[in-house]
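# Remarks on the overall topology
Below, each chain spelled out in residue letters.
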Amino acid sequence: IDLGIGRGYQPHEYQGYGVDQTRSRDIFRESVEIIQKAWTEDRFSYDGEFYQINDLTVYPKPVQQPRPPVIVGGLGARKTPALAARFADEFNYPFPDSVASAAAQFDRVRAACTNAGRDVILGTADDDLLAGDGVFTVEHYTQADFDLGRIPPGKSIGDVIPGSGEDIDGDGSF
């Protein structure tokens, strides 16, 4: 099991839960701290700004040790890389609009990992894509995607579908 988490970014995602979007980064940080304590400690307490927990035991514990891998995703250029460097085992950059923007975000995450004294948390597939180790093609959103509600906000018919690369030179990399 992997845990993939992100803060969200659309106002309605926060309004629906009555959460102040400007505080989401701090709420996210506390949430991940609690999850990791629940997975790794027999009993724990937590006294944060948003959450207070007193002497909690959580069972069952994950089979993976010391805990399941955590994947943090996000678009933010300043604070998201620092959150990923602090909490993630892998970073995911959702909905890149170009290889250049993805490369810039991965560079920021690499720098944040270095600043935090951590090994870089990117997977090899990301590095292969950004190193240009292959020839790839992509798919684009179609009218059918639009009709079925499969196009995310901010994207349109004809835009590249993120993660749709196809290895067309057969070298096994993108």
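Residues numbered from 1 in each chain as written. Predicted model: local features only at pLDDT ≥ 70, side-chain atom pairs only at ≥ 80, totals over all residues. Heavy atoms only, no water.

## So, helix H2 (residues 24–40)
Given 3.6 residues to a turn, an α-helix orients residues that are three or four positions apart in the same direction. Under the 1.5 Å per step criterion, the end-to-end length of H2 is 24 Å for 17 residues, consistent within 8% with the ideal 24 Å. Looking only at H2, the buried set comprises Ser-24, Ile-27, Phe-28, Glu-30, Val-32, Glu-33, Ile-34, Gln-36, Ala-38 and Trp-39. Where H2 is buried, its residues contact strand S1 (3–5), helix H1 (11–15), strand S2 (44–47), strand S3 (52–56), strand S4 (70–73) and helix H3 (80–87). (Helix = DSSP H or I, 4+ residues; strand = E, 2+ residues; numbered from the N terminus. Expected span 1.5 Å × (residues − 1). Buried < 20%, exposed > 50% of the residue type's maximum accessible area, 1.4 Å probe, protein only. Contact = heavy atoms within 4.5 Å.)

## Description of the packing of aromatic side chains
Taken as a whole and assessed by the stated rule, the structure comprises 1 aromatic pair. Taking 6.0 Å as the distance between ring centres and 90° as the angle between the ring planes, the aromatic pair formed by Phe-91 and Phe-106 counts as edge-to-face. Within this pair, whereas Phe-91 is found in strand S5 (residues 90–92), its partner Phe-106 is found in helix H4 (residues 99–115), the two being separated by 15 residues in sequence. Considered together, Phe-91 and Phe-106 belong to a single accessibility category, that of buried residues. Of note, Lys-61 hangs over the ring of Tyr-59, and the distance from its end group to the ring centre comes to 5.4 Å. (Phe/Tyr/Trp six-rings, centres within 6.5 Å; stacked < 30°, edge-to-face > 60°. Lys NZ or Arg CZ within 6 Å of the ring centre and 35° of its normal.)

## Overview of the nonpolar core
Of all hydrophobic cores here, the largest spans 19 residues; its most connected members are Ile-5, Phe-28, Val-72, Ala-84, Phe-91 and Ile-121. Counting residues per element, the ones that place at least two in this core are H2, S4, H3 and H4. Looking at this core element by element, the count peaks at 5 residues for H4. Contacts of Phe-28, omitting those with residues within four sequence positions, involve Ile-5, Gly-6, Arg-7, Val-72 and Leu-83. (Core = buried A, V, L, I, M, F, W, Y, C linked by side-chain atoms within 4.5 Å.)

## What to know about the pattern of salt bridges
One pass over the structure, following the stated rule, counts 8 salt bridges. Between Arg-86 and Glu-33 there is a salt bridge, and its shortest N-O distance comes to 2.5 Å. With Arg-86 in helix H3 and Glu-33 in helix H2, this pair connects stretches of sequence that are 53 residues apart. Accessibility expressed as a relative area gives 14% for Glu-33, which makes it buried. Of the charged contacts, one joins Asp-55 and Arg-43 as a salt bridge, the two residues approaching to 2.9 Å between their closest N and O atoms. On the criterion of sequence distance, the pair formed by Asp-55 in strand S3 and Arg-43 in the loop between H2 and S2 is long-range, its members being 12 residues apart. By relative accessible area, which is 41% here, Asp-55 ends up partly exposed. (Salt bridge = Lys/Arg side-chain N within 4 Å of Asp/Glu carboxyl O.)

## Focus: the pairing of S3
Relative to S3, S2 is paired through 3 bridges, and the arrangement is antiparallel. Within the sheet, the bridge partner assigned to Phe-44 lies in S3 and is Leu-56. What sits between the antiparallel neighbours S2 and S3 is a turn of 4 residues. (Pairing = 2+ DSSP bridges.)

## A look at the side chain of Glu-33
A distance of 2.5 Å separates polar atoms of two side chains, one belonging to Glu-33 and the other to Arg-86. Apart from the residues within four sequence positions on either side, Glu-33 is in contact with Tyr-46, Arg-86 and Phe-87. (Polar contact = N/O pair within 3.5 Å; in protein donor to acceptor, adjacent residues only side chain to side chain.)

## Notes on unusual backbone geometry
Tyr-59 connects to Pro-60 through a cis peptide bond whose omega is 0°. With respect to the secondary-structure elements, Pro-60 resides in the loop between S3 and S4. Look at the link from Gln-65 to Pro-66: it is a cis peptide, with omega at 5°. Here Pro-66 shows up in the loop between S3 and S4.

Purely geometric numbers; function is a separate question.
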